[in-house]
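So you can see what is in the structure, the chains are spelled out below.
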Amino acid sequence: MEEKQLTVTSPLLPDLDEYNELLRDIWSRKWITNNGEYHCRLENALCEYLQVPYISLFTNGTLPLITALQALNIRHGEVITTPFSFVATTHSIWWNGLTPVFVDIDSSNCGMDPDRIEAAITPRTVAIMPVHCYGKPCDTQRIQQIADRHGLKVIYDAAHAFGEFVDGASLLCAGDISTLSFHATKVFNTVEGGALICHTAEMKQRVDYLKNFGFEDEVTVVGPGINSKMDEMRAAYGLLNLRQVDTAIEARHQVALQYRAALRDVPGIRFFDDMPGVRHNYSYFPVFVNAAEYGMTRDALYDLLKSHNILGRRYFYPLISTFGPYSDLPSARPENLPVATRLANEVICLPMHHALGPDDVQRVIDVIIERK
Ligand code: T4K
């Protein structure tokens, strides 16, 4: 009999009866999008849960990135960013007519190496767009110091960093703006969805205008806006998921502990431990395969897992800098990105989600240890 398929993730779903109740309420209100009751409730609930001053909900996690650059009036120049992310990070820069400049990453957290950021600054640099990759916090203090020294804006793609705190402070408060993804594959999901976090009421207002075509009122358009409003069905779904997200994060934590305990002494397999002072969300469990030490390449292990019906994912391979639109940029040269290039060739994200049981996790571990 074929063993149960284990996927890299599985969506956190609200209780269907509870969701139906909220849907009935939405049906009776007949207000289904455009800043409705559930939209407002979810914004308030998220501000409280995430400990952030202002949040604006979006239809996905890509549009808040695109909108962030518009909201900060960044229209020309270069944005320093990472090649080791989901392609949406760089696309958001490109869609604004800006030039992405890739810098290498630090292998300790897969975030941008601050020394490389500083070295990549030119008179055309206008902003920095780092990613808290896999939810590993970037060195936000050093990045801010660099930005302040050079008068640059910082937009964090925090798509993986839902609910993370560093020394008691929300990681989402770093920089000028942070953005989240609430895609089905994320720790907290609204099916599709996303959010933008900012520091002032004025900025939130501007963002809310921009995500609603730029309308300030029925007759005034303040900027070239877009339509990126979250609807009531997804906001209600999000409210229910928010109630169970802590339990889901704890279940993920247990999965991480089991992987770490079993894989710590396997030669050639490296993974991340928790960072001191950080409340992690365990959104991904990447392992890095050193083929010479492990005795098998990353791709061979990926295929072996697949043959056991275990579908890990090679996030983030290939590097964004190798994709068609970006590969001709001077900063995309592999010699400029040695660490990112190596890690992209070593990484597999193992199954990691709230619904995995100890036996499921053991199945993955057994294949990695036995190599057959
Ligand atoms: N910035 C960063 C750093 C990001 O990682 C992302 C998105 C974004 C920005 C943009 O945010 P969004 O605009 O997407 O909100 C997935 C997601 O589509 C994407 O949201 C995510 N990052 C990226 C890392 O992964 P795929 O193409 O790998 O997903 P897919 O459809 O292959 O799903 C992976 C596995 O998840 C499946 O094998 C099984 C499971 N799954 C997936 C879905 C959709 C389910 O069990 N049920 C489902 O409904 O991109």
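This structure is a prediction, so every number in the text was calculated from the model and none was measured. (Residues numbered from 1 in each chain as written. Predicted model: local features only at pLDDT ≥ 70, side-chain atom pairs only at ≥ 80, totals over all residues. Heavy atoms only, no water.)

*Asks:* If you had to explain the sheet that holds strand β2 (residues 54-58) to someone new, which residues and values would you point to?
*Replies:* As a general point, the strands of a sheet are linked pairwise by backbone hydrogen bonds and lie either parallel or antiparallel. In space, the seven strands of this open sheet follow the order β2-β10-β9-β6-β5-β3-β4, with mixed pairing throughout. In the strand order of this sheet, the two ends are held by β2 and β4 (99-102), each with one partner. On average, each strand axis in the sheet is inclined to that of its neighbour by 25°, with strand direction left out of account. Pairing between strand β5 (residues 125-129) and strand β6 (residues 153-157): two bridges, direction parallel. Among the inter-strand pairings, isoleucine 128 is bridged to a residue of β6, identified as valine 154. Where helix α2 (residues 37-50) meets the sheet, it contacts β2 and β9 (177-181), and its direction lies at approximately 130° from that of β2. Here helix α3 (residues 63-71) sits on the sheet in contact with β2, β3 (78-81), β5, β6, β9 and β10 (194-198), set at roughly 165° to β9. (Pairing = 2+ DSSP bridges. Helix = DSSP H or I, 4+ residues; strand = E, 2+ residues; numbered from the N terminus. Axes fitted to C-alpha atoms, helices over the stretch in contact; angles between N-to-C directions. Contact = heavy atoms within 4.5 Å.)

*Asks:* An account of the pattern of salt bridges is needed here, citing residue identities and associated values.
*Replies:* In the structure shown here, the tally under the stated rule is 21 salt bridges. Between arginine 279 and aspartate 246 there is a salt bridge; the shortest N-O distance is 2.9 Å. With arginine 279 in strand β14 (residues 278-279) and aspartate 246 in helix α8 (residues 232-263), this pair connects stretches of sequence that are 33 residues apart. Between arginine 260 and aspartate 274 there is a salt bridge, with its nearest N and O atoms 2.8 Å apart. Of this pair, arginine 260 sits in helix α8 while aspartate 274 sits in the loop between β13 (269-271) and β14; the two residues are 14 residues apart in sequence, bridging distant segments of the chain. Among the residues examined, arginine 260 registers a relative accessible area of 8% and is labelled buried. With relative accessibility at 34%, the residue aspartate 274 sits in the partly exposed group. Via salt bridges that share partners, Glu43, Lys204, Asp208 and Lys211 belong to a single interconnected network. (Salt bridge = Lys/Arg side-chain N within 4 Å of Asp/Glu carboxyl O. Buried < 20%, exposed > 50% of the residue type's maximum accessible area, 1.4 Å probe, protein only.)

*Asks:* Help me get a handle on the nonpolar core, residues and values and all.
*Replies:* In this structure, Leu46, Phe162, Leu263, Ile269, Leu301 and Leu350 are the most contacted members of the largest nonpolar core, which totals 61 residues. Element by element, the count of residues in this core is highest for α8, at 12 residues. Setting aside chain neighbours within four positions, we find leucine 46 in contact with Gln51, Val52, Ile55, Leu57, Phe162, Phe182, Phe188 and Leu242. Counting 25 residues, the second-largest nonpolar core is a separate cluster that includes Cys133, Ala340, Ala344 and Val347. (Core = buried A, V, L, I, M, F, W, Y, C linked by side-chain atoms within 4.5 Å.)

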